[in-house]
Amino acid sequence: MADTTTPSTELLTLPVLPLPNGVVLPGMVLTIALESDEAKAAVEATGDDNRLLLVPRLDGRHAVVGTIATIESTGQLPSGVDALVVRAHERALLRTGVAGTGTVLWLQAEPVHPEVTDEARELGSELRAGFRELFEEIGGRRLAEILRGLDEPDALADAAGWWPDLSLERKIELLETVDVTERVRRVLSWVKEALAEHSLQEKIRAEVSDGLEKNQREFILRQQLAAIRKELGDSEGGDAAQGPDAYREKLAERDLPDDVRVAAEREIDKLERSSEQSPEHGWIITWLDTVLEIPWGNSSTDNLELSNARAVLDADHTGLEEVKDRIVEELAVRKLRAERAAEAAITADPDAEAPAPVRQGTILTLVGPPGVGKTSLGESIARALGRSFVRVALGGVRDEAEIRGHRRTYVGARPGRLVRAMTEAKTMNPVVLLDEIDKVGNDWRGDPSAALLEVLDPAQNHSFRDHYLEVDLDLSDVIFIATANQLDTIPGPLLDRMEIVSLDGYTEDEKVAIARDHLLARQLERAGIRPDEVTITEDALRRVVRAHTREAGVRSLERALAKVLRKVAAQVATNESEPVLVDEAKVAELLGRDRFHDTDIADRTSVPGVVTGLAVTGAGGDVLFVEATALPADKGDDERSDLLVTGQLGDVMKESARIALSYVRANREHLGIPEGADRRAVHVHFPAGATPKDGPSAGIAMSTALVSLFTGRPVKSTVAMTGEVTLQGHVLPIGGVKQKVMAAHRVGIREVILPLRNEPDIDDVPEAIRDDLEIHFAKTVDEVIGWALEPTPVADTVDQAAAA
């Protein structure tokens, strides 16, 4: 409050009429609806002078200043609600409450009579002019009439209470500002702010109006220009090449499906009606260009010669007979169906044209470790068939729109990868390689694998609908080749739509042949060496395969050959006259010491309790060592606390260890274990602890390791095994037989123990490996022990067992 305020010493006790939705300022006469019991009670509590205290309320609190008003008349509104007409006289400072009866709030109020200064009168003159200009701008003729009868600056400032655009918060602020000079100054600042805002809005409105008029004018002129060009026969200049007529000509030249043609004509009609400055104009042109780039009706003719296809596949890849046979079978089916359909048509009508080839979707999934040639095999299949080849990389794709495309409403929308693949292939029947389909992710943007359900379903993909195109796209004649390293991460519904073909890796002889026939020539070219400048013997290649690589594929082998040839290139560059001979002895000089030794297994299994197991990983089959050792058992421990299992194992593998120990202890005498030897605490460990492991297939390996530990008989270094074990000692079948057997052969194992019920799976193993291995099929753990353990125990171990 300012110092010029002159409060009255008289305190008035008045009933309070709360105002929840408005503010009444001195000088105002208005109607108030009595909608609450509190308001009705306040009116009934007025005395003979009919005076009330009007107090606004905001956000649950009352203002600190109210308005003293008198009731002019009472009555009802047309809606039937009680109402009264009040006249506001002066401000009053709210003091303390007074006890009363009923729901009426009584307050002591102190009327205030602020002094009007000369500065206030000067500001009042400026405020009157500002009000007049503002009310003229907003069309407030009634507000302008109110100003005519107001001369004093305090009444002029309070007239802002009639201003409809003034917020409730500012009206309360105006009521609580008792000092006249400060009150006029605040209202004047609000008026100036409103005038500036109104001026800016008018400016924006004028600019928009001018822009619309300009666009309409340009549209009319362009239409007239197009008509003039048409009359002159000039269709080459300007934007005619992108106009509706140009697209209609392109549409007439193409053989499009009926629904696609209808959709394209509809978009051309929209293009004709839209302005070039409209964003939709560009969107329509982009959509039309995309649709017309798709090779509708263009299909390559399949080369159905089986001998040619087999020759192409054999020339590009060594081994992989299962995949090659599957492709040849597919060609044979297509050839027979085409020939039978043609014969049937000629028999029915000899003069009729030959029928169109029968469409038959093919979806193959090549599963195998890295480096076995899955991706390159897709290219070979396309070349054998005489089709276009397109690769779609799915590794790391997390957005469903990558498959189905974006909706056209989004800025930068474009079709999905399959539509772009068809455009790139320029035919409707390419070979599409869906690379790394097992590495497709999902997040809040969608699940791409769910979008692939329709793509990879022959019963649905004849009408695949991309979100961007919104027309049916026939994918039934496309050959889809998907690649994956493992099937565990592929969703079940998607896996159900695939035909799985396993590529389990290469034998040593196949790797040598691949290095000789394929890798060597490619690396010679990359190293800049002519074939007559270096000779690499087959024994040298075999040394590289055996001692420097140990993998299912051939990528490490190719890197090793690249390293050899780089060193040879250095020698050739310094002595160009003499060719370089790389034999088995030279490999050690060029690549250094051997990385892998066949003696590793013999060294590790020379003590009791160590067994060579077999496993399948994302990189193919591999050997898995199982180590068991005995610990002093603490007295009082129960049988469940004397087994420690380590190696980052899953729950299934831990349960297999407990099952193996329980079986061995239950059959101690039958297994030849000395009395008391099996009562010791046991620690079973799987090396390579950083690699997670799980599954039941190490059951017989753990059982054998425990029997070896308790009897002191070491496991034969030439034996590896895999199989699940039960509490009764039965050996149950497992998966991945081919990969495991090939891994055992790769590391020099000579005997492999498999479950009896896996005997049919051994036919999948290459014959050369089967002939080189002695394979045992076990039904019980007893048979496994008989084949795996040495007949004589190690003396030191027996003495330790006796001492324990």
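Residues numbered from 1 in each chain as written. Predicted model: local features only at pLDDT ≥ 70, side-chain atom pairs only at ≥ 80, totals over all residues. Heavy atoms only, no water.

### As for the side chain of Ser 380
Among the secondary structure elements, Ser 380 is positioned in helix α12 (residues 374-385). Residue Ser 380 is classed as buried on the basis of its relative accessible area of 4%. A polar contact of 2.8 Å, which involves the side chain of Ser 380, links it to the side chain of Asp 316. If we skip the residues at most four places from it in the chain, Ser 380 touches Val 312, Leu 313, Asp 316 and His 317. (Helix = DSSP H or I, 4+ residues; strand = E, 2+ residues; numbered from the N terminus. Buried < 20%, exposed > 50% of the residue type's maximum accessible area, 1.4 Å probe, protein only. Polar contact = N/O pair within 3.5 Å; in protein donor to acceptor, adjacent residues only side chain to side chain. Contact = heavy atoms within 4.5 Å.)

### So, the sheet that holds strand β14 (residues 499-502)
Taken in spatial order, the five strands of this open sheet run β9-β10-β13-β8-β14, and their pairing is parallel. Every other strand in the sheet has two partners, leaving β9 (389-393) and β14 as the edge strands with one partner each. Across the sheet, the mean angle separating the axes of adjacent strands is 25 degrees when strand polarity is ignored. Pairing of strand β10 (residues 431-435) with strand β13 (residues 479-484) involves four bridges; the strand directions are parallel. (Pairing = 2+ DSSP bridges. Axes fitted to C-alpha atoms, helices over the stretch in contact; angles between N-to-C directions.)

### As for the pairing of β10
Among the five residues that make up β10, five are buried, leaving the element largely enclosed by the rest of the structure. Burial along β10 is two-sided: Val 431, Leu 433 and Asp 435 facing one way and Val 432 and Leu 434 facing the other are all buried. Sheet analysis places β9 next to β10, joined by five bridges and oriented parallel. Note on β10: the bridge partner recorded for Ala 393 is Asp 435.

### What to know about the packing of helix α22 (residues 651-666) against helix α23 (residues 699-711)
In contact at an axis separation of 9 Å, α22 and α23 are set at 45 degrees when each is read in the N-to-C sense. The angle between the axes of α22 and α23 places the two elements in the oblique class. Judged by the twist between their axes, the crossing of α22 over α23 is right-handed. Between α22, through Met 653, Ser 656, Ala 657, Ala 660, Leu 661 and Val 664, and α23, the contact on the second element is made entirely by Gly 699, Met 702, Ser 703, Leu 706, Val 707 and Phe 710. Residue composition of the contact of α22 with α23, grouped by class: nine nonpolar, three polar and no charged. (Parallel < 35°, antiparallel > 145°, perpendicular 65-115°, else oblique. Left-handed = near helix turned anticlockwise from the far one by under 90°. Nonpolar A, V, L, I, M, F, W, Y, C, P; charged D, E, K, R; others polar.)

### Observations regarding helix α24 (residues 737-746)
By the criterion of burial, α24 is predominantly enclosed, with nine of the ten residues buried. Those residues of α24 that fall on the buried side of the exposure criterion are Val 737, Lys 738, Gln 739, Lys 740, Val 741, Met 742, Ala 743, Ala 744 and His 745. Those residues of α24 that are buried are in contact with β17 (610-617), β18 (620-631), β24 (751-755) and α25 (767-772). Positive backbone phi, at 95 degrees, marks Gly 748, one or two positions downstream of α24.

### Notes on a nonpolar patch on the surface
Together, Leu 200, Ile 204 and Val 208 make up an exposed nonpolar region whose accessible area comes to about 270 Å². Turning to its location among the elements, Leu 200 is positioned in helix α6 (residues 180-232). (Patch = residues over 30% accessible without salt bridge, like charges linked within 9 Å, V, L, I, M, F, W, Y side chains within 5 Å. Areas by Shrake-Rupley, 256 points an atom, 1.4 Å probe, with all protein chains shown as cover. Salt bridge = Lys/Arg side-chain N within 4 Å of Asp/Glu carboxyl O.)

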